[in-house]
Structure formats: C-alpha cells, structure tokens
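Summary of the model geometry
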Amino acid sequence: MSTDLTADPQAAAELHRYAEALLAHLAANGAAPPSAPGFRDIPGYWLPPAVHALVAILAGDDPLEPLSRAAGRDQQRTALFLCLSLAVAGHGSRIHASWLGTAFGDLALDLPVTHGQRALWLAAARGAYGPAGKIFVLRKLDSLAIPDHTGPADHQEWVQALAPGEPTVVVPPSLVDFPEMAELPELARPAQAAARLARLRARCLEITSIRQAAQTSSAPLTNSSASPATAWQEDEPIAVLRSLIGLGGPAGPMASLTTHLLDDLRPAADPHLAAIALHVAAPILRGVAETLEADSRLEPPATLTVALLGHPVELHPEGPDDASLAKAEAAIVAEGTLPRGTPWAVILLAVAGVACLAGGAVAGWLLAGVGAALLGAAGWQLWRRRNAIASDARLVAARVAELRELADGAVWALHAYAREADARAKQAADDAAELTRLVRRGPRAA
C-alpha cells in the first residue's frame, strides 16, 4: 500500500465495503452499484480516486480528474485495477491503450510472472481487450525470443506438453505379427517419428480450430450465472482485484514464464491461452516437424538381425541367412535334447534278471519268477527312455519348423514394411506441411 490505512480506519472500512460491492456487481452484471460512492478520500492512497474513475467510466462520464489523482499516487496499480475491472465488467474496449503497457510491466525469462501479469494475459487471451489486447501479449512474448533460448532437450519438453502420453512403441500394420521387430531402432524410428508428427498435427489443428469468434470482445469475461465474485469461474482477475483493494489473502506462488506456456499447451488448458502459447512455440514446432519428417523417410536396412524364438537370425530381402539360421537351429537342438548317459539302472536290472533266471533252473521257480520281474522292469525303463528321446526329437523338430516359418514370415513382414515406407513418408510430409501452416496462422490474433 502506498499509505497507512490505520490513520483513518473508518474511511478505509467504507472504501473496502464499497470496493467489494463494486467487484461483485461488475462480475454479476458489468455495472457499478446503484448507490453512489460514499467513502472519503484517503490522502496518498491510489484506490479512492481509482474507484471514482472506474465509476465515471462505467457511467460514461469524464474520469480525467480522479484518474490523474490515482495515477499520481500509484500509476501501475491504478492501470492494473482499471484494466482488470473493465475486463471483468465486459467493457475492456474502454481502456486506454497505454494502460495495458503500464499495468503489465516487463516480462523476463529469469523472473516469475506476477499474478497481475497472468490475469491480464488471461483477459487478453479471452478477447477482453479485442484484437489489440491479444497482439499486445503476443508482442510481449515475441520480444523475449523464447525459442532462441531453448535447446534440443527443451524442444522435447514442449512436444511432450503439446502431445503427452506418447506410446513407447509404435507397431505399424506390417509388423502386427512381429511386434518385437517394431522395437528395433532401425524400424522403430521412422514409424515413431511419423506417429508423433501425426499427433502433433492433430493437436495443433485442435488448438487453431477453436472458434474464438464465439467469445466476443464486448462481454468475454462476464459472469452470466451472476454468482458472487468470490466464486467466479475465472478467478485469476477477481483474485488479483481483491488483492489490490486489500481484501485478498497472501498471494500464492508465482510460476516462471516457460512453466505458464508449457501448462497452456497441455490438452486440458484453456484453448485461448493454448493459442497464444502455440504462437510462441511455433518456431520450435517447425524445427521438430522437419526433424520428424526426415526421420520418417529413413529406409529400413537391407540386412537386419532379429531375435526369433530367442535366437538371432539374420534376414535378407531374398530370405533368412543360411548360416545364422543353421546356428539358431543347432541351438534349438542343443536346448531341446537332454543329455542322457549310459542307462546303468536298466543294465543292472537286466543282468540281475538274467542271473535270477539262470539260478532258477537250479533253485526253483520262485527265483526264476524274480528274474522275469527284473527283466520286465528293465524293459519298461528302456521303453520309457526311448519314448522320452522320441518326444524330445518331435519337440525339437517342431521348434525348428516354427523357427523356419517365423524366419520366412519375418522376411515377408520386412517387405511389407518397406512397401509401407513410401506411404508413411508421404503422409509425414503432408503432416509436416499442414503443421507448419497451422502454426504460421498462430492464434488468429487479428
């Protein structure tokens, strides 16, 4: 505050009561309270003459005398109060052109955006001051040359803000049966670039196609529901106004300029703010579009090594490489064939059975029966062993056949991927050209 309000608490209380009623009426119906201001002037304090000047402007009277007194006491607060009040009332066209510059002040990349600047930014973006207000904010942002202060790593931050939630892997139609091949860098980069470019184009089209003409400059911020100012939907201008007249609490944390712009680009942001942020990000997006288009035109390599059934196989246009395929088959055979040593248990059972049969000729039929049982057990064990070996062989043969089939299918998939490359490159070129055209139009400030 520019003066000590405790010197005349009664005058300060009357001023605050009228100012609060004034804000409520402005937000509800764009007019001043029907009763005339009844507060006394407070020497050195800018608000009493600023309120008188605002009431005079709304009534169509000459505000020069109270306006001069208020500006002499605090020019920036007076300009900010009048600009925001008239925007809330839907009479932003009544501001003087110089007030915006005085109220807004200077922006800097290394300084946070003040709440007053953000409130004016919001009001101008929503058309409160007509085309001139949008152009004013755009020129303020353009003067900082923000794209010149961003590197390649920062560009990705802008792209992620504009089109978040990008899938880690893009599987083109040709590789649907071989999704693991879509993760190979040689094949993933062109497909991912084309998909990202398409998503950026769609998001830019969404922002630039907003019919901002529906938000007329005559009443873009009026509170059609006539709810109290404290519950108004667009709370930033009202919050700043309440703080200016001494009714608001402590101001919340302020964000940097880049943080505001990145937030304005996100899908859930206000479309009017998004349009201005898109204008700022246009040079960055044009460079990103050129890079993505170049990546989408990358041709797949003539030779590619892929993992099939867990084994690397080299693929050529004419088919899988014989040497690498044979090596993979040998590895499958080695994995599927269990090492089996000499069947000593079967041999011992057979020898014991023969010995018992031989002894049975002398000792009687009981020993001969034991020998026959031992020989039967040996035969059963040998049968199980042969069945296991045959089962392993069938599994290995099936795996080898599957490997060959997958290798042939992967070669055909690469052919289909190569055929898609032309269509993908053409679509990426169209997307890049359309994106460049969209960001060149910007937010249609005029």
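Attention here is on the structure that accompanies the text. (Residues numbered from 1 in each chain as written. Predicted model: local features only at pLDDT ≥ 70, side-chain atom pairs only at ≥ 80, totals over all residues. Heavy atoms only, no water.)

1. Concerning the overall build of the protein
Formally: Going along the chain from the N terminus, every DSSP run of H or I of four or more residues is numbered as a helix, and every run of E of two or more is numbered as a strand. For each residue, the accessible area found with a 1.4 Å probe, counting protein chains only, is set against the maximum for its type, and the residue is called buried under 20%, exposed over 50%, and partly exposed in between. Whether two residues are in contact is decided by their heavy atoms, any of which lying within 4.5 Å being enough. Reported accessibility uses the Shrake-Rupley method at a 1.4 Å probe radius. Residues are deemed covered only where the shown protein chains occlude them.
Helix and strand counts for the protein stand at 15 helices and three strands. Burial statistics for the protein: of 446 residues in total, 44% are counted as buried. Here the analysis covers contacts within the protein between residues at least 6 apart in sequence; of these, 73% occur between residues at least 24 apart. Approximately 22,100 Å² of the protein is accessible, and the part contributed by carbon and sulfur atoms is 59%.

2. Examining the pairing of strand β1 (residues 304–308)
In regular strands, side chains alternate between the two faces of the sheet. Spelled out, the test is: By the convention used here, strands pair only if DSSP detects at least 2 bridges between them.
Only one face of β1 is covered, namely the one carrying L304, V306 and L308; the face carrying T305 and A307 has none of its residues buried. Alignment of β1 against strand β2 (residues 311–316), held across five bridges, turns out to be antiparallel. What sits directly across from L308, in β2, is H311.

3. Things to note about unusual backbone geometry
Backbone geometry at A145 places phi at a positive 50 degrees, although glycine is not the residue there. Within the fold, A145 resides in the loop between α7 (130–142) and α8 (152–162). One non-glycine residue with positive phi stands out, namely L309, at about 55 degrees. With respect to the helices, strands and loops of the structure, L309 is situated in the loop between β1 and β2.

4. Regarding a nonpolar patch on the surface
Note the cut-off: Each patch is built from residues lacking any salt bridge and having more than 30% relative accessible area; the joining distance is 9 Å for like charges and 5 Å for nonpolar side chains (Val, Leu, Ile, Met, Phe, Trp, Tyr). By definition here, a salt bridge exists when the distance from a side-chain nitrogen of Lys or Arg to a carboxyl oxygen of Asp or Glu is within 4 Å.
On the surface, V169, V171 and V176 cluster together into a nonpolar patch covering about 210 Å² of accessible area. Under the relative-accessibility criterion, V176 is labelled exposed at 52%.

5. Some words on the environment of L197
Residue placement: L197 occurs in helix α9 (residues 185–208). With 230 residues separating them in the primary sequence, L197 and Q427 have C-alpha atoms 9.5 Å apart. Other than its neighbours up to four places away in sequence, L197 contacts A289, L292, E293, A428, D431, A432 and L435.

6. Looking at the packing of aromatic side chains
Threshold: Any Phe, Tyr or Trp ring, taking Trp's six-membered ring, that has another such ring centre within 6.5 Å forms a pair; planes under 30 degrees apart are called stacked, those over 60 apart edge-to-face, and the others tilted. Over a ring means this: the NZ of a Lys or the CZ of an Arg is within 6 Å of the ring centre and within 35 degrees of the ring normal.
Inspection of every chain in the model, using the stated rule, returns four aromatic pairs. Ring centres of Y18 and F39 lie 5.7 Å apart, and the angle between their planes is 50 degrees; this geometry places the pair in the tilted category. Residue Y18 is found in helix α1 (residues 9–29), and its partner F39 is found in the loop between α1 and α2 (47–59); the two are separated by 21 residues along the sequence. Considered together, Y18 and F39 belong to a single accessibility category, that of buried residues. Relative to W46, the ring of Y45 lies with its centre 6.1 Å away and its plane at 75 degrees, an arrangement referred to as edge-to-face. Each member of the pair Y45 and W46 is classed as buried. Through pairs of rings, three or more aromatic residues link up here, namely Y45, W46 and F81. Just above the ring of Y417 sits the side chain of R424; from NZ or CZ to the centre is 4.5 Å.

7. Brief notes about the pattern of salt bridges
Pairing is possible between side chains of opposite charge, provided their charged atoms come close. One pass over the full model with this rule turns up 18 salt bridges. A salt bridge links E65 to R69; the nearest nitrogen and oxygen atoms lie 2.6 Å apart. Linking E65 with R69, this pair stays in helix α3 (residues 64–73), spanning four residues, or about one helical turn. For E65, a relative accessible area of 49% corresponds to the partly exposed category. On the accessibility criterion, R69 (29% relative accessible area) is partly exposed.

8. Quick word on the pairing of β2
Between β1 and β2, which pair antiparallel one after the other, the connecting turn spans two residues, and L309 there sits at a positive phi close to 55 degrees. Here two bridges tie β2 to strand β3 (residues 319–320), and the two strands are oriented antiparallel to one another. Within the sheet, the bridge partner assigned to L315 lies in β3 and is P320. Between the end of β2 and the start of β3, which pair antiparallel, lie two residues.

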